[in-house]
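Coordinates in review
If you want the building blocks of each chain, they are given just below.
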Amino acid sequence: MLVSEICCCVVLAVWLDTTHWSFQDLVSEGFIGQSVLLSCISSTSSAVDVFWRDKDDKVLLDIKEGKPDPGSQDPKFKGRVSSFPEEYQKGNFSINMEKLELGDDGNYECSILTGTGTETIRIMLSVKEGNSASCGSTRTNVLLLFVLSALSLMFYV
Ligand SMILES: *[C@@H]1O[C@H](CO)[C@@H](O)[C@H](O)[C@H]1NC(C)=O
């Protein structure tokens, strides 16, 4: 396997690991043209509304009374940001952003309005140019590539 492939997959594997943090101020990494999961997990189950905003206060997605409200999305994010309604019940308000561009770089905020206050999760997204074709977008593909890379290193170095 090519060294660039291995690098690409190591970076992705590290990123997948960081998505397990459930604390504030997360760091995510994605590649141009690919998609990235921005994690927003509520520590309480009494969320009412959720507001996703970018560094310019543009609307990525609003979730109102348990339903995504695509009508309020900024044109910049229309059609490329989706959430997982089946996960709301678990306090998982993560979104998937597709077709990443360099301009998507920067800080994002997920504000969760609960009955008692607001919880805000900040994510710093860095978008990189990558050898995207060789890296699958699903966890299984990435892990598989990662294991294959490791194996090929063991056998051929
Ligand atoms: C939240 O939901 C997404 C989409 O189903 C999933 O990939 C992610 O692992 C979930 N996060 C947690 C902490 O459950």
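Under an unreviewed UniProt entry, the name given to the protein chain is Ig-like domain-containing protein, and the organism recorded is Crenichthys baileyi. Its UniProt record gives the protein chain a comment under Subcellular location (unreviewed entry), which states: "Cell membrane".

Tallying secondary structure elements over the protein chain gives three helices and nine strands in all. Intrachain contacts of the protein chain at a sequence separation of at least 6 include 59% that bridge at least 24 residues.

Moving on: the confidence of the model for the protein chain. Averaged over every residue, the pLDDT of the protein chain is 82; the share at 70 or more is 75%. Confidence, expressed as mean pLDDT per element, reaches its minimum in the protein chain at helix 1 (residues 3-18) with 49 and its maximum at strand 7 (residues 95-97) with 98. Within the model, the stretch residues 6-12 combines pLDDT values under 50 with 14 contacts to residues more than four positions away or in other chains. Contacts from residues 16-23, a stretch scored under 50 in pLDDT, to residues over four places away or in other chains number nine contacts.

For the rest of this paragraph, the subject is the site of the ligand. Close to the ligand lie Leu37, Ile41, Phe84, Glu87, Asn92 and Ser94. Across the shell around the ligand, the residue classes break down as three nonpolar, two polar and one charged.

Right, let's talk about the sheet that holds strand 2 (residues 36-38) for a bit. Spatially, three strands are ordered 2-7-6 in an open sheet, and the strand pairing comes out antiparallel. Looking along the sheet, the strands with just one partner apiece sit at the ends: strand 2 and strand 6 (81-83). Averaged over all adjacent pairs, the angle separating strand axes in this sheet is 30°, with direction ignored. Bridge count for strand 6 against strand 7 is three bridges, and the pairing is antiparallel. Bridge pairing in strand 7 places Val81 opposite Met97.

Moving on, we get to the nonpolar core. Grouped together as the largest cluster of nonpolar side chains are 24 residues, with contacts concentrated most on Leu38, Val50, Trp52, Ile95 and Cys110. Mapped by element, the contributors of at least two residues to this core are strand 1 (26-31), strand 2, strand 3 (47-53), strand 4 (59-64), strand 7, strand 8 (106-114) and strand 9 (118-128). When residues no more than four places from it in sequence are discounted, the contact partners of Val50 are Ile63, Phe93, Cys110, Ser111 and Ile112.

Another point: the sheet that holds strand 4. Reading across from one edge, 1-9-8-3-4-5 is the order of the six strands in this open sheet, with mixed pairing throughout. Both outer strands of the open sheet, strand 1 and strand 5 (67-68), are each paired with one neighbouring strand and no more. Bridging between strand 3 and strand 4 involves five bridges; their strand directions are antiparallel. Looking at strand 4, one finds that Trp52 is bridged to Leu61.

The rules behind the values
Residues numbered from 1 in each chain as written. Predicted model: local features only at pLDDT ≥ 70, side-chain atom pairs only at ≥ 80, totals over all residues. UniProt positions renumbered as here; feature names shortened; annotations may be inferred. Helix = DSSP H or I, 4+ residues; strand = E, 2+ residues; numbered from the N terminus. Contact = placed C-beta atoms within 7 Å. pLDDT = per-residue confidence, 0-100. Near = placed C-beta within 6 Å. Nonpolar A, V, L, I, M, F, W, Y, C, P; charged D, E, K, R; others polar. Pairing = 2+ DSSP bridges. Axes fitted to C-alpha atoms, helices over the stretch in contact; angles between N-to-C directions. Core = buried A, V, L, I, M, F, W, Y, C linked by C-beta atoms within 7 Å. Buried ≥ 20, exposed ≤ 12 C-beta atoms within 10 Å, placed from the backbone.

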